[in-house]
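Residues per chain are reported as follows:
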Amino acid sequence: MAAAPPDGQEKVIAAAQHIVKSLASSKNAAADMIRILSGFDNRLSLMSDLFPPPPGAAAAAGGPILEADEGTSQGDGEDEPDPDDDAAARAEEEWDAAAEVIERWESPSAGDRTVFGSREDAEEILAAAACLAGAPGPRAEAALQAAMARLEDEFRHMLIRGASPLAAEDLQASLLRRLSLTVPSFNSSAVDLDCPSFANHAGEGGDEPGGRNSVSDDEISPYLIAPDTVGALRDIADVMLRAGYAPELCQVYGEVRRDTLRECLAVLGVDKMSLEEVQRVEWGVLDGKMKKWIQALKVVVRGLLAEERRICCQILASDPSTEEECFTEAAKECVLQLLNFGDAIAIGKRSSEKLFRILGMYEALAEVLPELEGLFSGEAKNFIKEEAEGILVRLGDAVRDTIAEFASAIQGETSRRPLPGGEIHPLTRYVMNYVRLLADYNASLNQLLEYWDADLNMGDNPNMTPLGHCVLMLITHLQSKIDEKSRLYEDEALQNIFLMNNLLYIVQKVKDSELKTLLGDNWIRKRRGQIRQYSTGYLRSSWTRVLACLRDDGLPQTMGSSSALKNALKDRFKNFNLAFEELYRTQTSWRVVDPQLREELKISISEKVLPAYRSFVGRFRGQLEGGRGSARYIKYNPEDLENQVSDFFEGKKPNA
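About the cut-offs
Residues numbered from 1 in each chain as written. Predicted model: local features only at pLDDT ≥ 70, side-chain atom pairs only at ≥ 80, totals over all residues. Heavy atoms only, no water. Helix = DSSP H or I, 4+ residues; strand = E, 2+ residues; numbered from the N terminus. Buried < 20%, exposed > 50% of the residue type's maximum accessible area, 1.4 Å probe, protein only. Contact = heavy atoms within 4.5 Å. Areas by Shrake-Rupley, 256 points an atom, 1.4 Å probe, with all protein chains shown as cover. Salt bridge = Lys/Arg side-chain N within 4 Å of Asp/Glu carboxyl O. Expected span 1.5 Å × (residues − 1). Core = buried A, V, L, I, M, F, W, Y, C linked by side-chain atoms within 4.5 Å. Phe/Tyr/Trp six-rings, centres within 6.5 Å; stacked < 30°, edge-to-face > 60°. Axes fitted to C-alpha atoms, helices over the stretch in contact; angles between N-to-C directions. Parallel < 35°, antiparallel > 145°, perpendicular 65-115°, else oblique. Left-handed = near helix turned anticlockwise from the far one by under 90°. pLDDT = per-residue confidence, 0-100.

Enquirer: Help me out: how do you make sense of the overall build of the chain in this one?
Expert: When its secondary structure is counted, the chain shows 24 helices and zero strands. The buried share among the 656 residues of the chain stands at 46%. Across the chain, the fraction of contacts at a sequence separation of at least 24, relative to all contacts at a separation of at least 6, is 78%. Carbon and sulfur atoms form 49% of the exposed surface of the chain, whose accessible area is close to 33,200 Å².

Next up, the structure:
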């Protein structure tokens, strides 16, 4: 009799004895239970006092004989063959055969031979390992551990070997178009060592038609892992899972696939950076990194991770909970690396040039967030969702803060040097191009700015959208700044040219873009009215003195001294010539940028000056003709003046 078990085992053994005794009337049930208990711990099979002796043994010892089961002969005193004993014997033979296969592979004579070097070898060791799952006895346990260690190594090796080198164009051009790597194909359903346990394994795989993870080789896209490799990995995983080695399997899968996804991010240009590193990067470099992040996020979520999820599902088809754990271990770090960069940008220093990249990041994350959440489940899903939504909020805050910063920058622009010729100010070009780009993010900005308490005039349109109010605020700040800068010009006429150039540029940018929808036709009409006012102001300030020379006011009456009239006319023509020539000298160097506005101004000048000059010359030419030096005073005919006017506002250099 075996020694008494330790105190810690007394209750367990007592319960086991009770179960066995209660099943003593059923020979089959007792044999099954004995086999089950032995499978939990092979030490139980060595304890002779645990199980009641068979009937013959009890009689020989003088003990009570159990009543024979129905159908058992009692007349001749001889036991008939027990079918359960035969089944147990066959099982032990199969376990021994399977252990021998494993031991042969572990022996020094096997050398460096690769298990999956051939189909036959792979089928042999997979079947042997499957057969040993749950088998009792020290030999079976040792063989199973050796088999699991070898399969774990092979699983790791195949995961690494099955992934081809990545190229950025592969990932970006077709969402993970991958090079196919051919490896031997193994079909678990063909593996059989006439082992009952492995026969069950083969029937429970993920290849049954209509099953949860039914998949054919044709359906496995050669993106992340070659199709044949996926099938072999699935065979290994099925055996390891049946043997209770799910933790080891998850560890290997998570480590290898995590490294692969990290390499994919590097190929896509997404580097792992801390908050401090992001803040130290100069804008030119950071701009490129933000652009690559936007592109990579969609590729990763819709391509890489979606494919990783599908392949993980195929490899671990027999155990959904392990599949979930493996995918989470593989993908979580990749997702967090992307999210951490987005968070670093969101909480980083505000500057106007970052706005559109931040908007792009916001829209990309908002767009893929439902798909990203759908890849995970349980606690991992909740964690990823919470992190991503928090970053979205912070990116939205960054957008609003950056717009406010931009508005302040417009108001605080302090350049004091007037532009030569009254041309369009760089501030006007920058702000309008900036504002025009805002319209490309109409939907997002209307959402982000809906409750933004911005200090602006709502304008004439009560139905203006939040983005419309924002644009109106920025353009209003710009107009105020342009009005301020116009006063840097001493010449009032040039002030008006400057205002016309800049306001017309603003109007054209609005009219030719989605800004027109945001601000409305009425806003455009009012600004065109302002441009006409500036045009009138220009004509008045430039040409009033010239036209005054061509009026009759102040001339001596013809009935008086003719010499007095001639002298007055000489002064008038002389003053006209000097004034016109001064305007020609200065205003041909001024530049009206818009060709249509430039021609309209020239026409306005001609319509005011030429008729007055033609009339004045026609009425008083006779007073000066024939006199000495008359050509000095009537220097121009109307056609000459018209040709001179055509040179105005062309931006010619003086004396050119």
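Enquirer: Help me understand the pattern of salt bridges, please; the structure alone is not making it clear to me.
Expert: A side chain with one charge may pair with a side chain of the opposite charge, provided their charged atoms come close. Throughout the structure, instances matching the rule amount to 34 salt bridges. Taking the shortest distance from any N to any O, the salt bridge between Asp 96 and Arg 139 comes out at 3.7 Å. Here the residue Asp 96 occupies a position in helix α4 (residues 83–106), and Arg 139 occupies one in helix α6 (residues 138–161), the gap between them amounting to 43 residues. With a shortest N-O distance of 3.9 Å, Arg 258 and Glu 329 are connected by a salt bridge.

Enquirer: Is there a simple way to think about helix α22 (residues 562–587) in this case?
Expert: Since there are 3.6 residues in each turn of an α-helix, residues three or four apart along the chain are aligned in direction. When the terminal C-alpha atoms of α22 are compared, their 37 Å separation across 26 residues agrees well with the 38 Å that a helix rising 1.5 Å per residue should span. Looking at α22, one finds that the buried residues are Leu 565, Ala 568, Leu 569, Arg 572, Phe 573, Phe 576, Asn 577, Ala 579, Phe 580, Leu 583, Thr 586 and Gln 587.

Enquirer: I tried to follow unusual backbone geometry on my own but got confused; where do I start?
Expert: The bulk of non-glycine residues show a negative phi, and the bulk of peptide bonds are trans. For Phe 649, which is not glycine, the phi dihedral falls at a positive 65 degrees. With respect to the helices, strands and loops of the structure, Phe 649 is situated in the segment after α24 (638–645). The class of Phe 649 is buried, set by a relative accessible area of 0%.

Enquirer: Any chance you could explain the environment of Met 500 here in plain terms?
Expert: As for its placement among the helices and strands, Met 500 is situated in helix α19 (residues 492–511). Taking the relative accessible area as the measure of exposure, Met 500 reaches 0% and is therefore buried. Sequence separation between Met 500 and Tyr 538 is 38 residues, and the spatial gap between their C-alpha atoms is 9.5 Å. The contacts of Met 500, once residues within four sequence positions are left out, are Ile 531, Tyr 534, Ser 535, Tyr 538, Leu 597 and Leu 601.

Enquirer: I would appreciate a short explanation of the nonpolar core in the present structure.
Expert: Here is a general trend for soluble globular proteins: nonpolar side chains tend to be buried in one another's company. One finds Leu 132, Met 148, Phe 155, Ile 315, Tyr 538 and Trp 543 to be the most contacted residues of the largest nonpolar core, which totals 181 residues. With 14 residues, helix α12 (residues 283–315) is the largest single contributor of residues to this core. Those residues in contact with Ile 315, other than ones at most four positions away along the chain, are Phe 155, Ile 225, Val 230, Leu 233, Arg 234, Ala 237, Asp 238 and Tyr 253.

Enquirer: Help me understand the packing of aromatic side chains, please; the structure alone is not making it clear to me.
Expert: Two measures describe an aromatic ring pair: the distance that separates the ring centres and the angle between the ring planes. Under the defined criterion, the tally for this structure stands at 18 aromatic pairs. Centre to centre, the rings of Phe 616 and Phe 620 are 4.9 Å apart; their planes meet at 55 degrees, and the pair counts as tilted. A residue pair is termed a helical-turn pair when its members lie 3 or 4 positions apart in one helix, as Phe 616 and Phe 620 do in helix α23 (residues 595–624) at four residues. Neither Phe 616 nor Phe 620 differs from the other in exposure class; each is buried.

Enquirer: It is not clear to me how the packing of α23 against α24 should be interpreted in this structure. Could you clarify?
Expert: In a packed pair of helices, the relevant descriptors are the angle between the two axes and the axis-to-axis distance. One way to put it is that α23 packs onto α24 with a least axis distance of 10 Å and a crossing angle of 160 degrees. Viewed along their axes, α23 and α24 adopt a mutual orientation that is roughly antiparallel. Our pair here, α23 against α24, has a crossing hand that is right-handed. Two secondary-structure elements touch here, α23 through Lys 602, Ile 605, Ser 606, Leu 610, Tyr 613 and Arg 614 and α24 through Pro 638, Leu 641, Glu 642 and Val 645.

Enquirer: What is the right way to read the packing of helix α16 (residues 426–438) against helix α18 (residues 466–486) from this model?
Expert: Two elements in contact, α16 and α18, have axes separated by 11 Å at closest approach and are oriented at 175 degrees. For the element pair α16 / α18, the angle class is roughly antiparallel. Facing α16, whose interface residues are Leu 427, Thr 428, Val 431, Met 432, Val 435 and Leu 438, α18 presents Leu 467, Val 471, Leu 474, Ile 475, Leu 478, Lys 481, Ile 482 and Lys 485.

Enquirer: I would appreciate a short explanation of the confidence of the model for the chain in the present structure.
Expert: Any segment with low pLDDT has predicted coordinates that should not be analysed in fine detail. A residue-level look at the chain finds 73% of positions with pLDDT of 70 or above and a mean pLDDT of 79. α19 holds the highest mean pLDDT among the elements of the chain, 97, whereas helix α8 (residues 196–203) holds the lowest, 34. Across residues 1–8 the pLDDT falls below 50, and counting only partners more than four positions away or on other chains, this stretch makes six contacts in the model. Contacts for the low-pLDDT stretch residues 18–77, under 50 throughout, to residues beyond four places or in other chains number 49 contacts.

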